[in-house]
Amino acid sequence: MKVKEIMTSPVITVSEDTPVTDVAAKLRRNRISAVPVVDDSGAVVGLISEHDLLARKGGAAREVMTREVITASQETDVDEVRHLLVERRIRRVPVVDGGRLVGIVSRGDVVALLIVEWACQVCGQTERGPDAPPARCPTCNAPRENFVLQEPPPGT
């Protein structure tokens, strides 16, 4: 599965000039814990998390943002992003295309895949996906109509 299938888009963003108080208000209003900082062309130049707001002093986004941001492309495999989230201990990965921000994938987006599983009634193949079964079964080529939603096992 590719990142483009689970990413959130459009993305809530701020500019480098955004006052820290406005960043905090935007996080709270949208019930998110971080926001990418983009330049005039839409390129990611940083990221501000709740932690950044609490740990650093400054009046504008550019003064408190984290500048080293790990990004992915729309074609990146979701498993690669899962690995980044775990190994780098980060909570979200902005998705870029041609240098411009096009989406964002959070831990929650990847965790959601753990509970959505579709089973092909023809061959039994299971596929995980965000909201809908695949267009065709990768094993027997049965159409989407032959998939049923699997109940998650107890405790998941």
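Anyway, here's the lowdown on the structure attached to this text.

Brief notes about the overall build of the protein
Inference 1: When helices and strands are counted, the protein shows five helices and eight strands.
Inference 2: Starting at the N terminus, the α and β elements of the protein follow one another as α-β-β-α-α-β-α-β-β-α-β-β-β.
Inference 3: Projected onto the principal axes, the alpha-carbon positions of the protein cover approximately 60 × 35 × 30 Å.
Inference 4: Looking at the protein as a whole, 34% of its 156 residues are labelled buried.
Inference 5: When contacts within the protein are restricted to residue pairs at least 6 apart in sequence, long-range pairs at least 24 apart make up 45% of them.
Inference 6: In the structure as shown, the protein presents an accessible area of about 9500 Å², 48% of it carried by carbon and sulfur atoms.

Here's the deal with the side chain of serine 49
Inference 1: Along the polypeptide, serine 49 turns up in strand β2 (residues 44–49).
Inference 2: Since its relative accessible area comes to 14%, serine 49 is described here as buried.
Inference 3: When sequence neighbours within four positions are dropped, the list of residues in contact with serine 49 reads Leu27, Ser33, Ala34 and Arg92.

As for the sheet that holds strand β5 (residues 100–106)
Across a sheet, paired strands are connected by hydrogen bonds in the backbone, their directions being either parallel or antiparallel.
Inference 1: In space, the three strands of this open sheet follow the order β3-β4-β5, with mixed pairing throughout. The sheet terminates laterally at β3 (72–73) and β5, the two strands that pair on one side only.

A closer look at unusual backbone geometry
Leave glycine aside and you will find that most residues have negative phi; peptide bonds, for their part, are mostly trans.
Inference 1: The linkage connecting serine 9 with the following residue, proline 10, adopts the cis geometry, with an omega of 0°.
Inference 2: Tracing the chain through its elements places proline 10 in the segment before α1 (20–30).
Inference 3: With a phi angle near 70°, asparagine 141 is a residue other than glycine that sits in the positive phi range.
Inference 4: Mapped onto the fold, asparagine 141 is located in the loop between β7 (126–128) and β8 (147–150).

Quick notes on α1
Inference 1: Of the residues making up α1, those classed as buried are Val20, Val23 and Leu27. Buried positions in α1, seen along its axis, are confined to an arc of 55° and lie on one side of it. Exposed and oriented more than 90 degrees from the buried face of α1 are Thr21, Arg28 and Arg29.
Inference 2: For α1, the secondary structure elements touched by its buried residues are β1 (34–38), β2, α2 (50–55) and α3 (61–64).

With respect to the pairing of strand β4 (residues 92–97)
Inference 1: In terms of burial, β4 is largely enclosed, as five of its six residues are buried.
Inference 2: Taken together, the six bridges between β4 and β5 define a ladder with antiparallel strand orientation. Opposite aspartate 97, over in β5, you have arginine 100 as the bridge partner.
Inference 3: Counting the residues in the hairpin turn of β4 and β5 gives two residues, including glycine 98, whose phi is positive at 60°.

Procedures and definitions
- Residues numbered from 1 in each chain as written.
- Predicted model: local features only at pLDDT ≥ 70, side-chain atom pairs only at ≥ 80, totals over all residues.
- Heavy atoms only, no water.
- Helix = DSSP H or I, 4+ residues; strand = E, 2+ residues; numbered from the N terminus.
- Buried < 20%, exposed > 50% of the residue type's maximum accessible area, 1.4 Å probe, protein only.
- Contact = heavy atoms within 4.5 Å.
- Areas by Shrake-Rupley, 256 points an atom, 1.4 Å probe, with all protein chains shown as cover.
- Pairing = 2+ DSSP bridges.
- Arc of directions from axis to C-beta.

Interpretation note: all reported values are geometric properties and have no functional meaning in isolation.
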